[in-house]
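Chain residues, written in single-letter form:
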Amino acid sequence: MDLVHVEFNKMKLNRIQLILLFVCLKLSVVEVSAASVPEDSALQVGVQEKQAQVVVFAQSNANILEATVSVNAQLTNMSSSLPLPAVGTVSGANLYAPIVYLEPVDSRQPWNYNYQFVWHKGLPSSLELEPWIYQFPFAAGGQFSVSQGAGGRDSHQYGGENENAIDFAMPEGTTVCAARSGLVIAIKGDSDLGGPDSKYEQCANYVVVKHNDGTYANYMHLKRNGLLVKLGQVVQAGESLALSGNTGYSTEPHLHFDVYRLTASNERKTVPLRFQTRGGPVEALKGQFYWRDSSQ
Ligand SMILES: [Zn+2]
């Protein structure tokens with residue numbers, strides 16, 4: 001649930017409008033703070049204005065190595081340095097990256113803009129995908145049931161961003177293991193907030209691991225202070241990553257696991273999953289228990 005969709009508006013206002021706006025802002029700030037929960041701060045997207053030039057930028061924090069941002073805008077008497085929606089990437093922690101520049105066509109006339117953005121962890125890839133058999137994302141000898149499978153109606157609906165995700169019901173504090181080797185490109189472990197409400201969507205702790213075919217594994221709802229890996233660490237399949245939890249938008253303690261890739265236009269597409277068992281590869285189906293063999 002790393003999707004952020006925010007809208008901003010900049011207009012030239014007269015004095016009365018400014019006063020009204022100030023009153024509205026004051027009211028809305030009070031309203032927001034009453035029910036607000038922290039956002040995932042791995043990536044900030046904002047605007048800077050220098051004279052009449054506007055830059056929409058992204059800024060990564062110390063917990064993410066790769067992000068892709070798409071920016072759309074509605075312009076009046078302005079032009080964009082890139083066709084819209086513009087897609088930009090951020091490759092590194094604590095990095096500032098301009099995504100797109102907006103400029104008045106005629107700066108003597110009124111100009112304004114609205115913009116919206118969406119960002120995802122990772123970089124776009126068009127590599128051909130070979131089928132892959134994943135290990136179950138828990139320790140050898142462990143056995144857990146699937147509480148929601150691919151296409152699940154709670155939050156894995158077909159056509160959505162999580163259609164091929166699998167939820168494993170597990171008590172908080174269960175060791176989560178890498179389902180496939182890769183590089184840790186994003187982590188969050190500081191949240192203690194969660195519950196059955198979409199307002200907690202941005203509050204999940206997670207580890208994201210990049211695989212060598214350009215896909216990413218997303219291990220989510222982890223326990224606060226439960227991370228066992230660092231950003232930039234190379235992990236082997238089966239290696240411990242974190243302790244499971246119940247943070248973010250979640251109805252019960254579980255691990256949400258999905259593997260996704262980003263398209264050139266920054267769409268998040270999950271891939272269908274199959275897992276190794278003693279009896280051969282299987283899909284993980286709702287209500288079934290799965291055992292990770294200690295020989296795997
Ligand atoms: Zn899920």
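Since this is a predicted model, take the numbers as computed values, not measurements. All residue numbers refer to position in the chain's written sequence, counted from 1. Where local features are concerned, this predicted model is filtered to residues with pLDDT of at least 70; where side-chain atom pairs are given and counted, the filter is 80 or more; whole-chain, interface and lining totals use all residues. The side-chain quantities take in all heavy atoms of the structure and omit both hydrogens and water.

### Focus: the pattern of salt bridges
Inclusion rule: By salt bridge we mean one thing: a side-chain nitrogen of Lys or Arg within 4 Å of a carboxyl oxygen of Asp or Glu. The secondary structure listing takes helices from DSSP runs of H or I that are at least 4 residues long and strands from runs of E that are at least 2 residues long, numbered from the N terminus.
Going through the model one piece at a time under the given rule, you end up with eight salt bridges. A salt bridge links Arg108 to Asp106; the shortest N-O distance between them is 3.1 Å. A salt bridge links Arg278 to Asp293; its shortest N-O distance comes to 2.5 Å. Residue Arg278 is found in the loop between strand 22 (274–275) and strand 23 (289–291), and its partner Asp293 is found in the segment after strand 23; the two are separated by 15 residues along the sequence.

### Concerning the sheet that holds strand 5 (residues 78–80)
Let me state the cut-off plainly: Following DSSP output, two strands are said to pair if at least two bridges run between them. Only the stretch in contact is used when a helix axis is fitted, and all axes are lines through C-alpha atoms; the angle between N-to-C directions ranges over 0 to 180 degrees.
Taken in spatial order, the four strands line up as 2-3-7-5 in an open sheet, and their pairing is antiparallel. Edge positions in the sheet fall to strand 2 (43–50) and strand 5, since each of these pairs with one other strand and no more. On average, each strand axis in the sheet is inclined to that of its neighbour by 25 degrees, with strand direction left out of account. As paired elements, strand 2 and strand 3 (residues 53–60) share eight bridges and run antiparallel to each other. Looking at the pairing, Gln44 lines up with Gln59 of strand 3.

### Some remarks on the nonpolar core
Short version of the rule: What we call a nonpolar core is a set of buried Ala, Val, Leu, Ile, Met, Phe, Trp, Tyr and Cys residues that are connected through their side-chain atoms within 4.5 Å. To sort residues, take the accessible area from a 1.4 Å probe on protein chains only and compare it with the maximum for the residue type: under 20% means buried, over 50% means exposed, and anything in between is partly exposed. By definition, residues are in contact when any of their heavy atoms lie within 4.5 Å.
With 33 residues, the main nonpolar core has Leu43, Val69, Val71 and Trp119 as its most contacted residues. With sequence-adjacent residues up to four places away left out, Leu43 is seen in contact with Ala58, Gln59, Ser60, Ala67, Val69, Val90 and Trp119. Counting residues in each nonpolar core, the second largest holds 30 residues, with Ala179, Val207, Leu241 and Ala242 among its members.

### Focus: the coordination of the zinc ion
Operational definition: For Na, K and Ca the donor cut-off is 3.2 Å, while for other metals it is 2.8 Å, and in both cases only N, O and S atoms qualify; water is not among them, so sites may look incomplete.
Around the zinc ion, the protein supplies His156 (NE2), Asp167 (OD) and His256 (ND1) as donor atoms, at distances of 2.0 to 2.2 Å. Here Asp167 falls in the buried class, since its relative accessible area comes to 5%.

### Some details on the environment of Gly214
In this fold, Gly214 is placed in the loop between strand 15 (205–210) and strand 16 (216–227). Gly214 sits in the buried class, given a relative accessible area of 8%. In this structure the C-alpha to C-alpha distance between Gly214 and Ser126, which are 88 residues apart in sequence, comes to 7.9 Å.

### A look at the packing of aromatic side chains
Put simply, the rule is: Geometry of aromatic contacts follows a simple scheme: Phe, Tyr and Trp rings, the Trp one being its six-membered ring, pair when their centres are within 6.5 Å, and the pair is stacked under 30 degrees between planes, edge-to-face over 60, tilted otherwise. Whether a charge sits over a ring depends on NZ of Lys or CZ of Arg being within 6 Å of the ring centre and within 35 degrees of the ring normal.
Considering all chains together, one arrives at 14 aromatic pairs under this definition. On the numbers, 5.5 Å between centres and 10 degrees between planes, the contact of Phe136 with Phe138 is stacked. Judged on exposure class, the residue Phe136 and its partner Phe138 are both buried. An aromatic cluster of at least three residues, connected via ring pairs, comprises Tyr134, Phe136, Phe138, Phe144, Phe168, Tyr219, Phe257, Phe275 and Tyr290. Here the guanidinium or amino end of Lys121 rests over the ring plane of Tyr206, the centre of that ring lying 4.0 Å away. Here Arg268 stacks its cationic end above the ring of Tyr260, 4.0 Å away from the centre of that ring.

### What about the side chain of Arg180?
Our working rule: N or O atoms within 3.5 Å of each other form a polar contact, as long as, within protein, one can give a hydrogen and the other can take it, and as long as residues adjacent in sequence are counted only when both atoms are side-chain atoms.
Positionally, Arg180 belongs in the loop between strand 12 (175–177) and strand 13 (182–188). Among the polar contacts made by the side chain of Arg180, one reaches the side chain of Asp213 at a distance of 3.3 Å. Sequence-distant contacts of Arg180, defined by excluding residues within four places in its chain, comprise Trp132, Tyr134, Val209, His211, Asn212, Asp213, Thr215, Tyr219 and Ala237.

### Details of the pairing of strand 3
In terms of burial, strand 3 is a largely internal element, six of the eight residues being buried. Between strand 2 and strand 3, which pair antiparallel and follow one another directly, the connecting turn spans two residues, one of which, Gln51, has a positive phi of 50 degrees. Examined bridge by bridge, strand 3 and strand 7 (residues 96–104) share six bridges and lie antiparallel to one another. In the strand pairing of strand 7, Val55 is matched with Tyr101.

### Side note on the confidence of the model for the chain
Interpreting fine coordinate detail is not advised for predicted regions of low pLDDT. Applicable threshold: Residue-level confidence of the predictor, termed pLDDT, takes values from 0 up to 100.
Mean pLDDT over the chain stands at 89; residues scoring 70 or higher make up 87%. Every residue in residues 1–34 scores below 50 in pLDDT, and together they form 43 contacts with partners more than four places removed in sequence or on other chains.

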